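Spelled out, the chains give:
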Number of protein chains: 4
Amino acid sequence: MNTFGTLFRVSIFGESHGKWVGVTIDGCPAGIELSEQDLQPDLERRKAGAAGTTPRKEADLPVFVSGVFNGKTTGAPLTIVFENNNIRSADYEALKETHRPGHADFVLNKKSGGFNDPRGGGHSSGRLTVALVAAGVVAKKILEGIKIHAHLAEAGGTADIEAAVAKAIEMQDSIGGIVQCSITGLPVGIGEPFFNSVESVISHAVFSIPAIKGIEFGSGFEAAAMRGSAHNDAFMDSEGTTKTNHAGGINGGISNGNEVFFRVAVKPTSSTPQEQHTWNHATQAVEAFTVKGRHDLCIALRVPVVVEAVTSIALADLFLVSKAGR
Amino acid sequence: MNTFGTLFRVSIFGESHGKWVGVTIDGCPAGIELSEQDLQPDLERRKAGAAGTTPRKEADLPVFVSGVFNGKTTGAPLTIVFENNNIRSADYEALKETHRPGHADFVLNKKSGGFNDPRGGGHSSGRLTVALVAAGVVAKKILEGIKIHAHLAEAGGTADIEAAVAKAIEMQDSIGGIVQCSITGLPVGIGEPFFNSVESVISHAVFSIPAIKGIEFGSGFEAAAMRGSAHNDAFMDSEGTTKTNHAGGINGGISNGNEVFFRVAVKPTSSTPQEQHTWNHATQAVEAFTVKGRHDLCIALRVPVVVEAVTSIALADLFLVSKAGR
Amino acid sequence: MNTFGTLFRVSIFGESHGKWVGVTIDGCPAGIELSEQDLQPDLERRKAGAAGTTPRKEADLPVFVSGVFNGKTTGAPLTIVFENNNIRSADYEALKETHRPGHADFVLNKKSGGFNDPRGGGHSSGRLTVALVAAGVVAKKILEGIKIHAHLAEAGGTADIEAAVAKAIEMQDSIGGIVQCSITGLPVGIGEPFFNSVESVISHAVFSIPAIKGIEFGSGFEAAAMRGSAHNDAFMDSEGTTKTNHAGGINGGISNGNEVFFRVAVKPTSSTPQEQHTWNHATQAVEAFTVKGRHDLCIALRVPVVVEAVTSIALADLFLVSKAGR
Amino acid sequence: MNTFGTLFRVSIFGESHGKWVGVTIDGCPAGIELSEQDLQPDLERRKAGAAGTTPRKEADLPVFVSGVFNGKTTGAPLTIVFENNNIRSADYEALKETHRPGHADFVLNKKSGGFNDPRGGGHSSGRLTVALVAAGVVAKKILEGIKIHAHLAEAGGTADIEAAVAKAIEMQDSIGGIVQCSITGLPVGIGEPFFNSVESVISHAVFSIPAIKGIEFGSGFEAAAMRGSAHNDAFMDSEGTTKTNHAGGINGGISNGNEVFFRVAVKPTSSTPQEQHTWNHATQAVEAFTVKGRHDLCIALRVPVVVEAVTSIALADLFLVSKAGR
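Residues numbered from 1 in each chain as written. Chains lettered and ligands numbered in written order. Predicted model: local features only at pLDDT ≥ 70, side-chain atom pairs only at ≥ 80, totals over all residues.

Trainee: Account for the interface of chain A and chain B, with residues named and values stated.
Mentor: Counting residues at the interface gives 87 residues for chain A, matched by 86 residues for chain B. A per-class count over the side of chain A that touches chain B returns 34 nonpolar, 41 polar and 12 charged. In this structure, strand β10 (residues 212-217) of chain A lies alongside strand β10 (residues 212-217) of chain B, joined through 3 bridges in antiparallel fashion. If you follow Ile215 of chain A over to β10 of chain B, its bridge partner there is Ile215 of chain B. (Contact = placed C-beta atoms within 7 Å. Nonpolar A, V, L, I, M, F, W, Y, C, P; charged D, E, K, R; others polar. Pairing = 2+ DSSP bridges. Helix = DSSP H or I, 4+ residues; strand = E, 2+ residues; numbered from the N terminus.)

Trainee: Let's hear about the interface of chain C and chain A: which residues, and what values?
Mentor: Across the boundary between the two partners, chain C contributes 10 residues, which contact 10 residues of chain A. Residues belonging to the side of chain C that touches chain A are distributed by class as follows: 5 nonpolar, 3 polar and 2 charged.

Trainee: Quick one: what's the story with helix α1 (residues 36-46) of chain C, residue by residue and with numbers?
Mentor: Residues and elements named next belong to chain C. Those residues of α1 that sit buried are Leu39, Asp42, Leu43 and Arg46. Burial along α1 is one-sided: seen end-on, the buried residues are contained in an arc of 105 degrees. Across from the buried face of α1, at angles greater than 90 degrees, the exposed residues are Gln37, Pro41 and Glu44. Turning to α1, the residues buried within the fold contact α3 (129-142) and α7 (304-323). (Buried ≥ 20, exposed ≤ 12 C-beta atoms within 10 Å, placed from the backbone. Arc of directions from axis to C-beta.)

Trainee: Explain the relation of the copies chain A and chain B to me, and be specific about the residues and the numbers.
Mentor: Of the transformation placing chain A onto chain B, the axial shift is 0.0 Å and the rotation is 180 degrees, giving an RMSD of 0.0 Å. Accordingly, the operation relating the two chain copies is best matched by a two-fold axis. With an isologous cut-off of 70% or more, the 99% of interface residues of chain A that recur at the interface of chain B puts this contact in the isologous class. (Least-squares fit on C-alpha atoms with pLDDT ≥ 70 in both.)

Trainee: Tell me about the sheet that holds strand β8 (residues 147-155) of chain D, and name the residues and values.
Mentor: Spatial ordering of the open sheet is given by β8(C)-β9(C)-β13(C)-β10(C)-β10(D)-β13(D)-β9(D)-β8(D), a layout of 8 strands whose pairing is antiparallel. If you trace the sheet from one side to the other, it starts and ends with β8 (147-155) of chain C together with β8 of chain D, each paired once. On average, each strand axis in the sheet is inclined to that of its neighbour by 20 degrees, with strand direction left out of account. Helix α5 (residues 198-206) of chain D rests against β10 (212-217) of chain C together with β10 (212-217) and β13 (260-266) of chain D of the sheet, and its axis sits at about 155 degrees to β10 of chain D. (Axes fitted to C-alpha atoms, helices over the stretch in contact; angles between N-to-C directions.)

Trainee: Any details on the environment of Lys147 of chain D? Residues and values, ideally.
Mentor: Residue and element names in this part refer to chain D. Tracing the backbone shows Lys147 in strand β8. A tally of 12 C-beta atoms within 10 Å means that Lys147 is categorised as exposed. Sequence separation between Lys147 and Gln37 is 110 residues; the distance between their C-alpha atoms is 20 Å. When sequence neighbours within four positions are dropped, the list of residues in contact with Lys147 reads Thr184 and Gly185.

Trainee: Pulling in residues and values, what's your account of the sheet that holds strand β9 (residues 177-184) of chain A?
Mentor: Reading across from one edge, β8(A)-β9(A)-β13(A)-β10(A)-β10(B)-β13(B)-β9(B)-β8(B) is the order of the 8 strands in this open sheet, with antiparallel pairing throughout. Each having just a single partner strand, β8 (147-155) of chain A together with β8 (147-155) of chain B make up the two edges of the open sheet. Direction aside, the axes of adjacent strands within the sheet are offset by 20 degrees on average. Pairing analysis gives 5 bridges linking β10 of chain A to strand β13 (residues 260-266) of chain A, with the strands arranged antiparallel. Following the sheet pairing, Gly214 of chain A is matched in β13 of chain A by Ala265 of chain A.

Trainee: An account of the pairing of strand β14 (residues 276-280) of chain B is needed here, citing residue identities and associated values.
Mentor: Residue and element names in this part refer to chain B. Relative to strand β15 (residues 285-289), β14 is paired through 5 bridges, and the arrangement is antiparallel. Each residue of the ladder has a partner; that of His277, found in β15, is Ala288. Between the antiparallel neighbours β14 and β15 lie 4 residues, among them Gln284 with a positive phi of about 55 degrees.

Take a look at the structure:
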């Protein structure tokens with residue numbers, strides 16, 4: 001299933017080497033101003049081009065298929081597609097029998113009984129995140145007065161990200177990173193106890209992004225070593241402002257009005273230029289191979305805007321649910 | 001909303017100081033052997049009693065309300081309730097105006113417009129995890145051949161958990177911990193790309209447990225500092241066995257047949273015997289107070305079986321979905 | 001699955017001859033006044049007792065398990081149970097091998113692999129409608145200003161219902177009927193085009209009631225023989241008041257502010273005192289048999305309040321969704 | 001919301017006068033052969049062209065956007081779009097202030113706060129049923145061995161449909177009809193008691209089709225006047241074959257292995273060439289007007305294949321759910 005949300009339902013479709021990738025938002029309220037230009041800033045942030053990113057460049061021009069009329073959403077399902085115009089499928093022919101380590105090639109082949117589209121990762125490609133970013137822009141518009149900002153805090157184990165990327169290029173090996181995300185302006189009372197806690201819903205959305213392997217809210221893993229008297233955030237006024245914010249703005253799964261923040265671990269790009277070994281289904285042996293194709297040495301550079309997008313999608317859904325009296 | 005799952009739908013109900021807490025499993029297959037005794041081992045693991053746990057003790061005798069006939073599930077909704085027989089509501093009278101730091105009292109009050117049941121945390125109480133554990137036992141029965149095991153790996157910042165608890169008792173301050181969970185026997189192909197990745201669904205379930213603030217799969221946050229050539233897990237045979245397991249058994253959100261494992265950060269119990277300061281809504285000032293009632297100094301001791309339970313619930317749902325050809 | 005709704009989610013559990021039957025409402029807004037007495041009028045309307053109804057009488061005293069505090073809903077899951085205190089399971093022993101025509105015995109046996117609870121129809125019993133009626137009372141409270149009223153318009157093919165029941169008693173054969181339901185005060189704009197049309201959602205809910213075999217909105221089947229110029233309801237003012245109401249208050253699946261009304265066909269009670277023939281799985285032959293147990297000669301007498309209940313549940317859900325900006 | 005289904009989730013998007021209309025199937029199993037040609041027969045059946053249908057003709061060439069590779073489904077979301085190539089928006093300019101009786105113009109305007117796309121009914125147009133038909137073809141492929149057939153049984157009140165259409169043309173007034181649908185080969189045990197009865201799920205899907213105002217299963221409304229001894233269908237063998245089939249193949253909401261059949265009432269096309277009266281929001285008075293544009297005098301002629309499609313979608317979903325052990 002590739003659908004997320006209860007009231008603001010986002011579903012994505014498309015493959016890396018298909019004609020289009022796209023997204024449908026079912027449940028988008030009517031009357032929201034929306035133009036192609038509104039999407040550009042976030043689409044630009046996601047784009048390749050910087051050192052450490054893939055030479056595959058896409059125009060990423062959004063096409064509004066439905067749900068927008070006279071520059072405003074209509075309340076009908078909102079579908080946006082992006083053309084895939086920079087495809088080099090031949091790069092992948094060699095990999096039919098050699099499932100790349102770290103990639104979904106092997107599991108998709110098994111799961112689909114061999115019917116998956118293996119070109120460029122098929123539906124599991126990071127290409128699909130362009131659709132998430134588009135939906136994120138719409139979600140942000142619903143979250144009026146709420147600011148969601150993510151940035152790359154570390155790459156390759158250091159906060160000096162430029163240096164980390166330079167070293168990755170020098171070593172010709174991929175690296176990962178840590179993305180930090182902050183949400184301000186979120187009102188008290190978003191989220192539900194137990195199954196729809198803010199942490200549950202955000203983590204569900206964030207782990208939808210390829211390459212994410214960890215998430216922690218507030219003090220996160222450090223909290224595990226703290227004492228209660230140090231960890232507890234004392235309330236300082238009737239609005240719930242807390243003296244400290246170890247909880248990351250969430251008590252019992254529900255927003256308490258303070259800043260919500262979390263950190264996300266991004267693994268190194270699975271496609272590294274280094275020679276690797278893996279099982280070759282044709283020769284029935286472990287063999288050396290080198291990934292061809294065009295890839296990001298540090299995919300983490302392009303992840304923050306995607307984290308912002310899925311977080312916005314998750315919050316927009318919780319926000320609409322809460323408007324209904326929950 | 002307090003419902004989780006698509007085909008194996010679990011919903012919990014009840015309050016800390018109500019008459020019963022319970023769980024309904026909607027979508028439980030027919031023909032599964034199930035007796036009160038089957039639930040005992042996991043219920044025992046969750047129970048208080050050890051050093052560092054609350055003196056509030058519950059009999060925790062499951063009552064099968066529906067969905068079981070002649071010792072087997074019928075396929076109809078399966079409801080199990082537990083009596084709350086050790087209630088001391090008076091303990092909480094003092095806290096009406098003083099929302100305890102770290103607890104959901106404040107946010108629930110705001111969210112519900114003041115209509116929440118504040119006694120013992122009401123519906124947000126850890127008491128409800130008894131219902132999750134019961135559902136987990138049923139989920140485990142669906143996951144034949146799959147072993148899910150969680151244990152407390154660290155408490156109060158150390159792997160010597162006994163020492164950590166002794167120190168917490170000595171200091172009279174609560175502590176947190178790290179729970180580690182391992183899943184073996186999971187077949188290849190469970191989970192979906194993007195929105196229903198194994199990490200998405202497990203993290204959603206795990207963050208439903210009160211006090212959880214972080215989760216990482218495989219190498220997790222350490223992966224963020226690794227190089228791709230070191231992180232990638234080489235496939236060694238046609239079954240997908242990998243040489244290393246930095247991915248924690250999940251590629252592209254889908255199980256690859258290797259061990260799935262993850263670590264979970266549990267914050268220190270919000271109720272610490274230490275004097276704390278917080279806003280008093282009656283006096284309109286920050287005031288000192290001390291939590292009364294009976295609480296766990298190290299709730300993390302009781303969390304592993306709950307992590308197992310919600311992980312089992314999440315996997316049972318993914319497993320049934322996958323049986324349907326997904 | 002036995003769950004209905006997106007935001008106002010109702011799930012029912014229990015069996016005819018189990019200890020309790022019950023309902024959980026997940027998503028009930030906080031602050032709604034609710035007492036056992038509030039439920040009595042509708043529970044009374046559903047009760048047996050009149051001529052033509054079963055001699056099995058239940059006290060039908062609702063027990064609030066969770067979600068109500070100080071006489072108001074808390075926003076947490078609201079669970080209500082009813083004891084089954086008038087059970088005569090022996091009546092059904094004889095039917096183990098003889099699946100009663102018209103009943104779910106045969107299909108449940110096949111569907112569950114023989115694991116279903118066959119006593120009194122198990123989970124499929126009309127007894128479960130007591131839980132629907134309870135949920136309906138809560139739903140009605142959400143639908144402030146909206147009146148939903150159902151009544152029995154025909155029984156046994158005539159509008160003289162008393163005569164019809166008298167004849168059924170005389171013939172000792174069960175009869176069916178037509179229930180008519182009217183909804184006034186529904187604002188414009190409830191429902192969605194296509195998959196969540198008002199007709200879709202109401203019919204889904206209404207066909208959940210055992211014994212319902214047809215539904216028609218507005219002119220319904222008669223519309224099929226009308227001309228467009230006669231069927232179209234002319235708008236008479238800016239509020240959408242229509243001159244006629246052949247559409248039954250719904251255009252394009254969405255409420256237009258006029259009265260919504262529909263008619264429902266109730267088949268005759270499957271349990272008739274008449275001798276019947278059916279397959280005997282023990283003797284492997286078609287044999288004569290007579291239904292024992294206590295049954296309604298005209299179940300339709302007790303259906304109107306259940307139609308009201310499920311309609312209210314369906315509308316409460318649409319209403320909350322619409323409050324969220326849909 | 002415009003999404004239907006639990007495991008086989010269908011969502012449609014697009015507007016009458018937009019660039020494309022389309023459908024996404026999320027949850028389509030992998031390995032199903034699917035070509036543009038497979039869709040042609042049903043698309044042809046839906047097309048206009050016959051006497052009594054609209055002169056607006058669409059090429060209706062399906063474009064597979066995603067989810068199909070080498071002629072087979074991949075298990076990824078399957079998106080199909082159709083170009084709208086025969087648009088005459090000018091026809092609708094005059095209707096901005098005059099909401100056509102029977103149409104969704106008025107309710108959509110109110111529901112969306114005036115932001116809906118009013119051209120040709122926007123998203124509520126019957127044009128969208130081309131997307132339903134496409135999804136229906138895929139659904140039918142999942143329902144191997146199950147035959148779903150719908151036909152027009154009556155039009156304008158008579159079984160002589162040719163005569164009815166001739167008369168409608170002569171009178172220049174639109175007419176409705178009755179569609180009959182039969183399902184053979186459905187195994188025992190599809191559907192669930194209460195909320196997901198076969199009748200609930202099929203009626204939900206069928207009322208998604210514009211212009212449908214009634215549905216009855218088996219003897220339907222006639223059953224309301226029958227006696228139980230006459231209505232009950234005696235089982236004749238261990239497979240559940242019944243002597244009669246008044247129940248339409250469904251007991252207690254679950255398929256019993258016999259033919260399932262139902263009848264559907266289609267109202268006359270709202271767009272009739274006859275002069276009508278309705279409220280003019282500009283002049284604030286009831287005024288005469290005539291619908292321009294190109295319309296079907298007897299839309300019921302084109303409905304059977306759409307009924308087949310949505311019924312197939314509904315059953316495919318129930319079928320996959322049942323494969324999962326429900």
